[in-house]
Amino acid sequence: MHICLLPPEILLHIFVIYQHYGPMYTMSSRVTLASLARTCKTFKEPALDILWKDLNELKPLISCLVACLPEGVSNTNARGVLTLKRPPSNGEWRLINRYAQRIHSLRVFTTQLDTIDDRVVQALIYVPSPLLPNLRGLIWHDGRECFVPLLRTLLGPMITSFRLDGTSSSHPSFAKSALLASLGVRCPCIRELGCFYDGLDSEESSDAICEALCGLKELHRLETDVLNTRALFHLASLPSLEYLHFFLTTYSIGEAQPNSVPTFSSHFDQVRFTTPTPFVLSQCLRNVRFLFCRSVMVCVDYDDDTPYDPLDATDLISSFSKCFSPALEKFHFDFGFPFSGIVEEDILADPSFALRFDVVAPLLSFSHLTDLDLDWICASAIDDVSLKTMAQSWPQLESFCLGSSARWLVPPSLTFVGLVHLIHHCQRLRSIGMPFCACPVDTDSEPFSETIANEKLTTLFVGVSPIVDPIAVACQLHTLLPKLTTVGLFDFDAEFFAPPPFEHFEDEWNRVNDFLKVLFTNAKMKRNAGQVAGLTDPGHITR
């Protein structure tokens, strides 16, 4: 063997590279690592360390248990359930521990637990020494109380990441709540925690999670669907917290007093909300404050027939502007409801969905925004003057979406002039999604004549945008966005009727795209020709 392969650190690095870039978590990768472990003594320990470090299922540990027992001690019945005739001896546990001590992360699913009976569970619970002494990360996807003692056995002081999913009935598990309440004592070093009751909120579950959180002083990331005001106050006091994800199945946070609103002063990378309706999220945002947060992601699990209630949307944006500070850089709002799938003309042409500028105005204070997604609203009532104000308020924008997620048939108030304002005041833009009335403008007058071309912007999506004179529009776009080669848009199937002024818009925008390709290719040829001319210039050769 080459001398370079003798240090175990080198072998570990090689095996880790194979694990990361090979067929990770597949049977073939595990078989290969197992083969390496059997190749020679030098390979054995490093290969076994990588093979056992991260387990995506419980099966390897159970298989190890069976393999370390004499023949006849374990048995699998006709239903595939493993049982034991006697508990493993101390010597047999020491043999098992040679492998179990290498496990750093483990995922356990209900289907895996269904393959072992009570005797196996009891044996794992009453192991003479810690079952997985070096376990750092545990994901537990089972809510049955009968397996909570096994879960308790796995939770040791080395745990830094823990996720608990699943419920087994229509009522919160008392055993699960009791275990959670002791989590801060059992696993004081937890940095990442995910805890879910699947919407089965109760005073018992809220108190249990609150008790767990109050014992965790080093928490960095939290995901949960049950929270109360006391827990929020504790979280707000943690300087280590960087990420929060609240699953708001129902609004359960008590109304805070005007002078005692939980205020988070730590610097958050991201705060996420998953909510059933905008109304539920608005109620939550009224009773919490974030002073330093870079990114906010809102996911609405929406299953209604209509896009949104305009009053709820207005209330949500207002609450959002009061909850977060102007330090915010990214704001994304994602509806689970596919707006692009709406084909009912009575909805798409309903002007009541069009939100006015004053609804969006509370967001103007977020002057550090680089990524803003307001794609879910109908922006047909927002005009060029309003968009100019928005662009001036958000000069650092790199990605901007406004009202282009649905095939809105309410004629937009925005025109090509509004697009020019956006490009003029937001010179970092790389992507725009926005419907507008595309038409020729006076290129010799402001704002067009004063706007510097943006060579970074390569993505423009116009949704359903009326258009007049596609050749002029293409020339204007090429002048402002010289690297743009294609404009994205919605298509209409044969059964969908596009009323005026949207008729033939698809064909007209396809003409724009054809002409943009010609303009881009022509500009590229001129640049190349200029470079060749410069190289062959006698003055250049002399120099």
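Remember, predicted model here, so these are calculated numbers, not experimental data.

What counts and how
- Residues numbered from 1 in each chain as written.
- Predicted model: local features only at pLDDT ≥ 70, side-chain atom pairs only at ≥ 80, totals over all residues.
- Heavy atoms only, no water.
- Helix = DSSP H or I, 4+ residues; strand = E, 2+ residues; numbered from the N terminus.
- Contact = heavy atoms within 4.5 Å.
- Phe/Tyr/Trp six-rings, centres within 6.5 Å; stacked < 30°, edge-to-face > 60°.
- Buried < 20%, exposed > 50% of the residue type's maximum accessible area, 1.4 Å probe, protein only.
- 1 Å grid on protein atoms, 1.4 Å probe; cavity = no way out; pocket = protein on both sides within 12 Å on 5 of 7 lines; lining within 4 Å.
- Points joined across faces, edges and corners; volume = space filled by probe spheres on them.
- Nonpolar A, V, L, I, M, F, W, Y, C, P; charged D, E, K, R; others polar.
- Axes fitted to C-alpha atoms, helices over the stretch in contact; angles between N-to-C directions.
- Parallel < 35°, antiparallel > 145°, perpendicular 65-115°, else oblique.
- Pairing = 2+ DSSP bridges.
- Right-handed = clockwise from strand over helix to strand, strands pointing away.

Can you tell me about the environment of Met-158, naming the residues and giving the values?
Among the structural elements, Met-158 can be located in the loop between helix 8 (148–154) and strand 6 (161–165). Once the C-alpha coordinates of Met-158 and Leu-132 are considered, the two residues, 26 residues apart in sequence, prove to be 9.8 Å apart. In contact with Met-158, not counting residues within four places along its chain, are Pro-133, Leu-135 and Arg-136.

Give me the packing of aromatic side chains: which residues, what numbers.
Applying the stated criterion across every chain yields a total of 23 aromatic pairs. An angle of 85° between the planes, with centres 5.0 Å apart, marks the rings of Phe-196 and Phe-247 as edge-to-face. Pair noted here: Phe-196 is in the loop between strand 7 (192–195) and helix 11 (203–214) and Phe-247 is in strand 9 (residues 243–247), with a separation of 51 residues, a long-range link. Judged by relative accessible area, which is 5%, Phe-196 ranks as buried. By relative accessible area, which is 21% here, Phe-247 ends up partly exposed.

I'd love a proper account of the layout of surface pockets, names of residues and values included.
Roughly 240 Å³ of volume is contained in the second largest pocket. Where the lining of the second largest pocket is concerned, the elements lending two or more residues are strand 1 (54–55), strand 4 (105–109), strand 5 (137–141), strand 6, strand 7 and strand 8 (221–224). For the lining of the second largest pocket, the residue count by class is eight nonpolar, five polar and six charged.

Break down the packing of helix 17 (residues 384–393) against helix 18 (residues 416–425) for me, citing the residues and quoting the values.
Two elements in contact, helix 17 and helix 18, have axes separated by 9 Å at closest approach and are oriented at 10°. Taken as axis vectors, helix 17 and helix 18 run roughly parallel relative to one another. Contacts from Asp-384, Leu-387, Lys-388, Ala-391 and Gln-392 in helix 17 reach Val-417, Gly-418, Leu-419, His-421, Leu-422 and His-425 in helix 18. Class assignment for the residues of the contact of helix 17 with helix 18 results in five nonpolar, four polar and two charged.

Tell me about the pairing of strand 16 (residues 399–402), and name the residues and values.
Judged by which residues are buried, strand 16 turns out to be covered on both faces: Ser-399 and Cys-401 on one side and Phe-400 and Leu-402 on the other are all buried. Looking at chain direction, strand 15 (residues 371–374) and strand 16 are connected through four bridges and run parallel. Across the sheet, Leu-374 pairs through a bridge with Leu-402, a residue of strand 16. The parallel pair strand 15 and strand 16, bridged by helix 17, forms a crossover whose chirality is right-handed.

Purely geometric numbers; function is a separate question.
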